[in-house]
Amino acid sequence: MIDYGKVLSDVVQDIKPSGIRRFFDIAASMDDVISLGVGEPDFRTPWQVRSAGIRSLERANTRYTSNLGLEALRREISEYVRRKYSAKYEPLSEVLVTVGGSEAIDLAIRAVTNPGDEIIIPEPSYVCYEPMTKLAGGVPVIINTKAENNFKLTPEELSEAITEKTKALILPYPTNPTGAIMEKGDLEKIAEVLRDTNIIVISDEIYAELTFGEHRHVSVASIPGMWERTILINGFSKAFSMTGWRLGYACGPKPLLTQLMKIHQYAIMCAPTTSQYAAIEALRSCDEVVSDMREEYDARRRLTVDGFRKMGLECPEPKGAFYAFPSIKSTGLSSEEFCEELLYRKKVAVVPGCAFGESGEGHIRVSYCYSIMHIEEALRRIGEFLDELRAEKTTQKAK
Amino acid sequence: MNIKILKLLENNARMSPESIAAALGMELGEVVSEISEMERVGIIRGYKGVIDWEKVDGAAVSAIIELKVVPKAQLGFEEVAEMISRYPEVESVSLMSGACDLIVTVKGTTFRDVSAFVAKELAVIDGVTSTATQFIMRRYKEFGVELTSTEDDGRGKISL
């Protein structure tokens, strides 16, 4: 018999599967669940984008592309990033097309990390940064951002986390699961801390198109002194409802990008060709579709936040991405207990905040990538659930 | 007039003024008065359900009828179009560019009903020179709602 424990890599074995796997299993096994639990858009990929993908197949454009990605696509990305986020990248040497934003994050972390290097990760945030850092031989250094700061990263928290081993900062804004954003002023303060260091910023801006209110997303790369130390990561999944196409990109100064490119070249070869052709169309012709989707998300966002506040839960205003992150501390339940009970009693699925790091405990992540009718029904059930919990508490006290 | 309210109502006419106010960040009173004003001036003409009648026993039969009409001096097609609109069997009347002049959709309980209506009512209207009737065999989409699609969009219940 093979002792697989001895065969497999220690680093890989030490990586924990998601902490809320049990909850996932329960949710998966139940029927008739109303979910506010997924992290992907309900909108379909815009028709013209799908059509461009189909056309490329009809023309048999089915071979490898350049390792960096189709030149036409890189030119579009360069133009798009300049137009939207005032960040300038040379399309032929400073843009790399990847398999989703996820691959770009992996490449960026691997490209900068020597064994023992520290990578700073603000949490609550998407779950991939920590394991990817460990796989690269790095040491994750977690900053627990706070609800009272609207889950923004503060310069004080950052300064405190920096040591001489710090190699990079992950900047995951707008953030899944909190909906937090970093505005220009916030980024300037972060820039102040980093400007005279050798710390690289890995800026995961996958939700950049989805910010609400007056100000559009500001990229850290556009802050003076930051371009040269930033790897900007974005992709097509969230903005253009293209999750299954698996397409993203990294932009950065040539000396950095060249190294990301080497890993990509050997591990991946090139991003899917069909998706690349479709993505060209997305960048060329979808401004209006994207803004319509943003408007629809905004209505759902307000409705969701308002719903939780009316139920008496604290719900910081999410200014980006497509999640609300209300606090359930007042119920006295842990976030996992809350979600499990909610699922059993009302058949509503939301994600426990603890899945996104310790600092997510006491919150639930509620995705509003659903129709208004669906959201209203789910909120109604959550409201009933809270009423029940409160009634039970009162009875217990009376006893 | 408030386009954002109209868009929400177009998608879901049952959305309450409270929800609309929340979704658009407006005051409830403001939403209520905007809606009644739009009803008053006839921008909002009604609130109807989207029903897949094929799922109901004894379902109705519908047809699209292309009419050629001789326009009248001064009135053009208005008089005939408005006259046809008054029949309860008629669901919609539109003036068309191209080969025919009016397209009328008609609903009845049986194939024979609809045929009789076309032959005995529409075809004999003064000014109508020809009718071409096409029966609807199956509906796939109505009022922007896909009638054949299933609830499951393949996203699963939970993903991070």
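Once a new chain begins, its residue numbering starts again from 1 and follows that chain's sequence as written. As a convention, the first chain written is A and the first ligand written is 1, with the rest following in written order. Local features in a predicted model are, by the rule used here, given only for residues with pLDDT of at least 70; side-chain atom pairs are given and counted only at 80 or more, and totals for whole chains, interfaces and linings are based on all residues. In computing side-chain properties, one takes all heavy atoms of the structure into account and sets aside hydrogens as well as water.

1. Details of the overall build of chain B
Line of reasoning, step 1. Numbering of helices and strands runs from the N terminus; a helix is a DSSP stretch of H or I covering at least four residues, while a strand is a stretch of E covering at least two. Regarding its fold elements, chain B presents five helices and six strands.
Line of reasoning, step 2. Counting helices and strands in the order they occur from the N terminus, chain B gives α-α-α-β-α-β-β-α-β-β-β.
Line of reasoning, step 3. With the radius of gyration taken over C-alpha atoms, the globule rule is written as 2.2 Å times the number of residues to the power 0.38. Over its C-alpha trace chain B gives a radius of gyration of 20 Å, far above what one expects of a compact globule, namely 15 Å for 160 residues.
Line of reasoning, step 4. Considering only C-alpha atoms, chain B reaches an extent of 60 × 40 × 30 Å along its principal axes.
Line of reasoning, step 5. Under the scheme applied here, a residue whose accessible area is under 20% of the maximum for its type counts as buried, over 50% as exposed, and between as partly exposed, the area being computed with a 1.4 Å probe on protein chains only. Scored against the burial criterion, the 160 residues of chain B give a buried share of 29%.
Line of reasoning, step 6. For this analysis, residues touch if any pair of their heavy atoms sits within 4.5 Å. Looking at chain B alone, contacts between residues at least 24 apart form 58% of all its contacts between residues at least 6 apart.

2. With respect to the overall build of chain A
Line of reasoning, step 1. Scanning chain A for helices and strands turns up 14 helices and 12 strands.
Line of reasoning, step 2. Counting only C-alpha atoms and orienting by the principal axes, one finds that chain A spans roughly 70 × 60 × 50 Å.
Line of reasoning, step 3. When each of the 399 residues of chain A is scored for burial, the buried share is 56%.
Line of reasoning, step 4. For chain A, long-range pairs separated by at least 24 residues make up 76% of all intrachain contacts whose partners lie at least 6 apart in sequence.
Line of reasoning, step 5. Accessible surface is estimated by sampling points in the Shrake-Rupley manner with a 1.4 Å probe; for residues, cover comes only from the protein chains shown. Put simply, chain A shows about 17,200 Å² of open surface, and 50% of that area lies on carbon and sulfur atoms.
Line of reasoning, step 6. Between the centroid of the 49 positive side chains of chain A and the centroid of its 57 negative side chains there is a distance of 2 Å. For the purpose of counting charges, residues Lys and Arg are taken to be positive, whereas Asp and Glu are taken to be negative. His and the chain ends are not included. A charged residue contributes its charge at one atom only: NZ of Lys, CZ of Arg, CG of Asp or CD of Glu.

3. What to know about empty space enclosed by the protein
Residue and element names in this part refer to chain A.
Line of reasoning, step 1. Put simply, the grid is 1 Å and covers the protein atoms alone, a cavity is a trapped set of points that fit a 1.4 Å probe, a pocket is an open set with protein on both sides within 12 Å along at least five of seven lines, and lining residues have an atom within 4 Å of a point. Grid points are joined across faces, edges and corners, and a volume is the space filled by probe spheres set on the points. Counting across every chain of the model gives one cavity of 30 Å³ or more.
Line of reasoning, step 2. Estimates place the volume of the largest cavity at around 60 Å³.
Line of reasoning, step 3. Around the largest cavity, the lining residues are Leu171, Tyr173, Pro174, Ile181, Met182, Leu187, Ser203, Glu205, His217, Val218 and Val220.
Line of reasoning, step 4. Ten residue types, Ala, Val, Leu, Ile, Met, Phe, Trp, Tyr, Cys and Pro, are classed as nonpolar, four, Asp, Glu, Lys and Arg, as charged, and the remainder, Gly among them, as polar. Its residues placed into classes, the lining of the largest cavity shows eight nonpolar, two polar and one charged.

4. Comments concerning the sheet that holds strand 5 (residues 166–171) of chain A
Residues and elements named next belong to chain A.
Line of reasoning, step 1. Read across the open sheet, the seven strands follow the order 2-8-7-6-5-3-4; overall the sheet is mixed. A single partner strand is all that each edge strand has here, and the edge strands are strand 2 (95–98) and strand 4 (139–144). Averaged over all pairs of adjacent strands, the angle between their axes in this sheet comes to 20°, without regard to strand direction.
Line of reasoning, step 2. Pairing between strand 6 (residues 200–204) and strand 7 (residues 230–235): four bridges, direction parallel. Bridging across to strand 7, Ser203 finds its partner in Leu232.
Line of reasoning, step 3. Axis lines are fitted to C-alpha atoms, over the contacting stretch for helices. Their N-to-C directions set the angle, which ranges from 0 to 180 degrees. Across the sheet, helix 10 (residues 254–267) is in contact with strand 2, strand 6, strand 7 and strand 8 (248–251); its angle to strand 2 comes to roughly 25°. Paired strands, in this sense, are two strands between which DSSP finds at least two bridges.

5. Thoughts on the packing of aromatic side chains
Line of reasoning, step 1. Stacked, edge-to-face and tilted are the three classes for Phe, Tyr and Trp ring pairs, Trp counted by its six-membered ring, which pair at centre distances within 6.5 Å; planes under 30 degrees apart are stacked, over 60 edge-to-face, the rest tilted. Following the criterion strictly, the structure yields 14 aromatic pairs over all chains and no others.
Line of reasoning, step 2. Taking the centre distance of 5.0 Å and the plane angle of 85° together, the rings of B:Tyr87 and B:Phe117 count as edge-to-face. With a gap of 30 residues between them, B:Tyr87 in the loop between helix 4 (78–85) and strand 2 (90–95) and B:Phe117 in helix 5 (residues 111–122) connect regions that are remote in the sequence.
Line of reasoning, step 3. Residue class for B:Tyr87 comes out buried when judged on its relative accessible area of 18%.
Line of reasoning, step 4. Given the relative accessible area of 6%, B:Phe117 is considered buried.
Line of reasoning, step 5. Through pairs of rings, three or more aromatic residues link up here, namely A:Phe43, A:Tyr207, A:Tyr297, A:Phe322 and A:Tyr323.
Line of reasoning, step 6. Between B:Arg155 and the ring centre of A:Tyr370, over which it is positioned, the NZ or CZ distance is 4.5 Å. Either the NZ atom of lysine or the CZ atom of arginine qualifies as a charge over a ring when it sits within 6 Å of the ring centre and within 35 degrees of the ring normal.

6. Observations regarding the domain arrangement of chain B
Interfaces are often sized by the amount of accessible area the parts lose when they come together.
Line of reasoning, step 1. As annotated, the domain borders come from an automatic or database domain assignment. Split into domains, chain B comes out as domain 1 (3–40) and domain 2 (53–142).
Line of reasoning, step 2. Each of domain 1 of chain B and domain 2 of chain B has a C-alpha centre, and the two are 34 Å apart.

7. Focus on the domain arrangement of chain A
All names here are of chain A.
Line of reasoning, step 1. In terms of domain boundaries, chain A breaks down into domain 1 (7–45 + 288–385) and domain 2 (47–285).
Line of reasoning, step 2. Domain 1 and domain 2 are separated by 24 Å when their C-alpha centres are compared.
Line of reasoning, step 3. Between domain 1 and domain 2, the residue contacts involve 34 residues of the former and 39 residues of the latter.
Line of reasoning, step 4. Each partner contributes to the roughly 3,000 Å² buried at the junction of domain 1 and domain 2, and carbon and sulfur atoms together form 61% of this total.
Line of reasoning, step 5. Summed over the three residues of domain 1 that lose the most area to domain 2, namely Thr45, Arg294 and Lys319, the buried surface amounts to 25% of that side.
Line of reasoning, step 6. Any carboxyl oxygen of Asp or Glu within 4 Å of a side-chain nitrogen of Lys or Arg constitutes a salt bridge here. Linking domain 1 to domain 2 there are two salt bridges.
Line of reasoning, step 7. Of the charged contacts in the structure, one is a salt bridge between Lys319 and Glu183, with a shortest N-O distance of 4.0 Å.
Line of reasoning, step 8. Polar contacts, as counted here, are pairs of nitrogen or oxygen atoms within 3.5 Å of one another; within protein the pair requires one atom able to donate a hydrogen and one able to accept it, and residues that are adjacent in sequence qualify only if both atoms are side-chain atoms. At the surface where domain 1 touches domain 2, the tally comes to 17 residue pairs in polar contact (both at pLDDT 80 or more).
Line of reasoning, step 9. Mapped by element, the contributors of at least two residues to the side of domain 1 that touches domain 2 are helix 2 (10–14), helix 12 (287–310) and strand 9 (323–324). When two components associate, each loses some accessible surface as probed by a 1.4 Å sphere; the sum of these losses over both components is called the buried area.

8. A look at the interface of chain A and chain B
Line of reasoning, step 1. With 37 residues of chain A in contact, the opposing surface of chain B contributes 18 residues.
Line of reasoning, step 2. Across the chain A to chain B interface the summed buried area is about 2,100 Å²; carbon plus sulfur atoms make up 56%.
Line of reasoning, step 3. Sorting the residues of chain A by area buried against chain B places A:Phe24, A:Val38 and A:Arg302 first, and these three jointly supply 20% of that buried surface.
Line of reasoning, step 4. Taken together, the links from chain A to chain B amount to two salt bridges.
Line of reasoning, step 5. A salt bridge links B:Lys7 to A:Glu295; the shortest N-O distance between them is 3.9 Å.
Line of reasoning, step 6. Across the contact surface, chain A and chain B share 13 residue pairs in polar contact (both at pLDDT 80 or more).
Line of reasoning, step 7. Among the elements of the structure, helix 3 (21–29), helix 12 and helix 14 (372–398) of chain A are those that each provide at least two residues to the side of chain A that touches chain B.
Line of reasoning, step 8. Looking at which element gives the most residues to the side of chain A that touches chain B, the answer is helix 12 of chain A, with six residues.

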